[in-house]
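The chain contents come next:
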Amino acid sequence: MLNSSLNYLFGLRGVADDERPAARLWAGRFELPMILLALWILIEWYLRGKNIYSVRLDQVTDWIIWLLFVFETLVLTSLVNDKARYLRSNWMNLIIISIGLPLLWVGSS
């Protein structure tokens, strides 16, 4: 219960248990890749800090990461019955998507 409350508080609730089976299935399929993506972000920050990472590769991976967040959010939102509840309980994805795009455009120019 505490874990679920913390996930909701941090905007990482995922798909509710009472949602459609297809939504729960795809949420499970996205879980490991998104965890690995989060770990990659930490590694990428380390490499940037050490100036080991090329600027061009940096821009490409930033776009890929952003697109994966968009893709996950669009797929799961389309599959759940209660779209408003899903988006409210996963507000962190919306922040990443909405803040990330302007930052990507600025970084690309």
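Preceding this paragraph is the structure being described.
Residues numbered from 1 in each chain as written. Predicted model: local features only at pLDDT ≥ 70, side-chain atom pairs only at ≥ 80, totals over all residues. Heavy atoms only, no water.

Examining the side chain of Glu 19
Then comes step 1: Position of Glu 19 relative to the elements: it lies in the loop between helix 1 (2-9) and helix 2 (21-49).
Then comes step 2: At 3.1 Å, the side chain of Glu 19 and the side chain of Arg 85 are in polar contact.
Then comes step 3: Every residue in contact with Glu 19, bar those within four places of it in the chain, is listed here: Arg 24, Val 80, Asn 81, Asp 82 and Arg 85. (Helix = DSSP H or I, 4+ residues; strand = E, 2+ residues; numbered from the N terminus. Polar contact = N/O pair within 3.5 Å; in protein donor to acceptor, adjacent residues only side chain to side chain. Contact = heavy atoms within 4.5 Å.)

Some words on the pattern of salt bridges
Then comes step 1: What the rule picks out here adds up to 5 salt bridges.
Then comes step 2: One salt bridge in this structure joins Arg 85 and Asp 18, with 2.8 Å as the shortest N-O distance. Taken together, the positions of Arg 85 in helix 4 (residues 83-89) and Asp 18 in the loop between helix 1 and helix 2 put the pair 67 residues apart, joining distant regions of the chain.
Then comes step 3: Its salt-bridge partner being Arg 48, residue Asp 62 comes within 2.6 Å of it at the nearest N-O pair. (Salt bridge = Lys/Arg side-chain N within 4 Å of Asp/Glu carboxyl O.)

Section: a nonpolar patch on the surface
Then comes step 1: A contiguous nonpolar surface patch, about 630 Å² in accessible area, is contributed by Leu 32, Ile 35, Leu 36, Leu 39, Leu 42 and Trp 45.
Then comes step 2: On the accessibility criterion, Leu 32 (54% relative accessible area) is exposed. (Patch = residues over 30% accessible without salt bridge, like charges linked within 9 Å, V, L, I, M, F, W, Y side chains within 5 Å. Areas by Shrake-Rupley, 256 points an atom, 1.4 Å probe, with all protein chains shown as cover. Buried < 20%, exposed > 50% of the residue type's maximum accessible area, 1.4 Å probe, protein only.)

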